[in-house]
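# Summary of the model geometry
Residue-level listing of the chains:
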Amino acid sequence: MNPVYRSTAAAFLVAAFCGSLVALLAGAAWGWATAAFVLAAFLGHHARHLARLARWLARPEPGSVPEGTGSWEAVLSGLHRYARQASGRQSELAEALVRFRRAAHAMPEGVVLLDAHHCIEWCNDNAAVMLDLDPRADVGRPITNLVREPSFIEYLAAYGEDGPRAVRVPASRGIVLSIQLIPYGNEQKLMLARDVTQAERVETMRRDFVANVSHELRTPLTVLVGFLETVRELRLDPQRVRDYLAMMGEQAGRMHRIIDDLLALSVLESAPPPPLERVPVAPLLERLRADAAALSRGRHAISLEGTPSLDLLGSETELASAFGNLLSNAVRYTPAGGSVRLVWRDGPAGASFAVEDTGPGIAPEHLPRITERFYRVDRSRSRETGGTGLGLAIVKHTLARHQAALDIESEVGKGSRFSARFPPQRTIPAQPVNALS
Amino acid sequence: MKPISETSVSEHLSKQFDAELESIRSRVLEMGGLVESQIRRALEGFASGDRALLDDVIVTDHRVNGLEVALDGDCSHVIVKRQPAASDLRLIFAITKTVTDLERIGDEAQKIARMAKSIHEREGGAAAMRGVDVRHTAEVALSMLRRALDAFARLDVNAAAEVIRQDAAIDSEFRSVLRQLVTYMMEDPRTITTALEIVWVAKAIERMGDHAKNMAEYVIYIVKGTDVRHTASAAREETGNPA
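Parameters and conventions
- Residues numbered from 1 in each chain as written.
- Chains lettered and ligands numbered in written order.
- Predicted model: local features only at pLDDT ≥ 70, side-chain atom pairs only at ≥ 80, totals over all residues.
- Pairing = 2+ DSSP bridges.
- Helix = DSSP H or I, 4+ residues; strand = E, 2+ residues; numbered from the N terminus.
- Axes fitted to C-alpha atoms, helices over the stretch in contact; angles between N-to-C directions.
- Contact = placed C-beta atoms within 7 Å.
- pLDDT = per-residue confidence, 0-100.
- Core = buried A, V, L, I, M, F, W, Y, C linked by C-beta atoms within 7 Å.
- Buried ≥ 20, exposed ≤ 12 C-beta atoms within 10 Å, placed from the backbone.

### Some points on the sheet that holds strand E9 (residues 339-347) of chain A
Residue and element names in this part refer to chain A. With mixed pairing, the five strands of this open sheet are ordered in space as E7-E9-E10-E12-E11. If you trace the sheet from one side to the other, it starts and ends with strand E7 (301-305) and strand E11 (405-411), each paired once. Strand-to-strand twist across the sheet, computed as the mean angle between neighbouring axes with direction ignored, equals 10°. Alignment of E11 against strand E12 (residues 415-422), held across seven bridges, turns out to be antiparallel. By the bridge assignment, Ile408 is partnered in E12 with Phe418.

### Comments concerning the interface of chain B and chain A
It is common to give the size of an interface as the accessible area that goes away when the parts come together. Listed as interface residues are 17 residues of chain B and, on the opposing side, 15 residues of chain A. Sorting the residues of the side of chain B that touches chain A by element identifies helix H1 (6-48) and helix H5 (135-154) of chain B as the ones contributing at least two each. The greatest single-element share of the side of chain B that touches chain A, amounting to nine residues, is contributed by H1 of chain B.

### Notes on the pairing of strand E5 (residues 188-195) of chain A
Residue and element names in this part refer to chain A. With five bridges joining them, strand E1 (residues 110-114) and E5 adopt antiparallel strand pairing. Each bridged residue has a counterpart across the sheet, and for Leu113 the counterpart in E5 is Leu190. Bridge count between strand E4 (residues 176-184) and E5: eight bridges; the pairing is antiparallel. Bridge pairing in E5 links Gln180 to Leu192. Hairpin connection from E4 to E5: three residues lie between these consecutive antiparallel strands, with Gly185 at a positive phi of about 55°.

### Notes on the pairing of strand E2 (residues 120-123) of chain A
Residues and elements named next belong to chain A. With three bridges joining them, E1 and E2 adopt antiparallel strand pairing. Residue pairing in the sheet places Leu113 in a bridge with Trp122 of E2. Between the end of E1 and the start of E2, which pair antiparallel, lie five residues, with His118 showing a positive phi angle near 65°.

### A look at the confidence of the model for chain A
With 95% of its residues at a pLDDT of 70 or more, chain A has an overall mean of 84. The least confident element of chain A is helix H13 (residues 433-436) of chain A, whose mean pLDDT is 51; the most confident is E12 of chain A, at 90.

### Section: the nonpolar core
Of all hydrophobic cores here, the largest spans 89 residues; its most connected members are Ile112 and Ala148 of chain B. A total of 15 residues in this core trace back to one element, the largest contributor, which is helix H7 (residues 192-224) of chain B. Ignoring any residue separated from it by four or fewer positions in sequence, one finds Ala148 of chain B in contact with Ala160, Val163, Ala212, Met215 and Ala216 of chain B. In this structure, Val281, Leu285, Ala351 and Leu399 of chain A belong to the second largest nonpolar core, which totals 33 residues.

See below:
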């Protein structure tokens, strides 16, 4: 039997028993009074517990469920157990929610949750940075008020039909985003934003590279084929033929140089790291200066600055060719009468080799791309001077293999400065000259 | 049956009215987005000389103009139908003015695209303008417009005040571009035609900054109800910063 019925029945029994006992001893009136008194006490007990329960329910806390006696004991302890379990479940849920939010915040993509009317419900930190959103204040605002790019608005409007899967959106600070919408829940949308600036740049570079290789090889080939046809089909005097053959040889040599440079680059890319051999700097600099003077044939003032107290560690042939490349660029691009300076600096923070010229300089928009393969600042000029368009790419690769960085500073009309900075672990104190001899 | 109470009718009407205002505001911002993209593409074309892109910018300007006309119509419609008062009326006024400024910025973008086309079509035109840095000025103008529109979307007075302050930077950038161009023209008179066209481009960018500043001023007007146009910067900052 239910304990509540049992205790109620017991209370009535006690009332009846006490009532009849008193009735026997003191008369019926006293008997009824006693029974009423016992029942009143029983009711009072219930009322007190009910009041406490009501008070607790007004502000329920799992730890402070009132305790009770009699039939209330079982009921209240049951309630206590239930409250405990509920609070446990709730904190588990809250924890899961926190974990989920943390995971969403840690996602490398920008994540924005949109409701059925395209208003922002929530966004993670990455989305806030990428799209210039305020994760708190912008909640409830239509996303199209803040991401206003027309291509995105079209994408959002055409959403659900057979449109593109993602849309390219230029954001602030030159960043390019790829935004994708994914439906979820009740007409809600998950908006994923990925930064594709770098990927787009790589893609442009790759496309340009293929186009450039074909173009660079085709130009001399066209000349070559043209001369071949002329020589074959026209009757020319031997002197003309010799001239043409010489020009054809020149073009063939040019193609040869381009292919050599391409091969050199691919070797550099796949070769094992350079050896840690001592590269004596002083004689190297002297040799470079002499080479530059020979190339310039007296048209430029060529000077050498700095006395090396450190030598470099690496491959002498690779470094000599990289430095020589920087130097020949300076000589080739600097007009006659200008000056080219070789500057060597070393110290505890490492060493640096710089080539400074008074040439035409490079406009700032070209600087970031100038070490790309076949990148031309001025398409007509550099080919006249005989470059393959790969020199700086090779220099940059070679230096990177030696953990060195290539810094380029330039001002249009003033000149340029190309410097290679080597870290301390790539240097070693120079041997005194007499020890060498 | 329970009669429809007076308050529930007005509540219903005001809700509909709010939705109408909100939709107008969203479309102003959409127009802003279109203008932003017009500027960005005009500048891209100016740097790269991409004919197809520049032609597209010039043609797309009619969409900006169309939006201006449509939004003006919507605003007068709302005024006639709802007879708004106080802050709602201020919002409508500010929107009509913002739309005018946006349309002008669109025209400036079109102007830049026209100039870019003629510079790139001329033999050696692109080479002559190397070294003149209008890009930085353009970046500042574009960021001003973006932030003015953001301030309008969020009704953020502080951001609007910042946009107004930024305008001084554009003016000084414009003067430095002019100085640079004068030097070029003195050095080599053959560059004069191109240099004059670049002056137009720089002027267009400078005007964009002015229009963005106007838009920021309207945001302050919407929120605070004070007109900060043509006032001293000190007074403006006082209004702009509630602190």
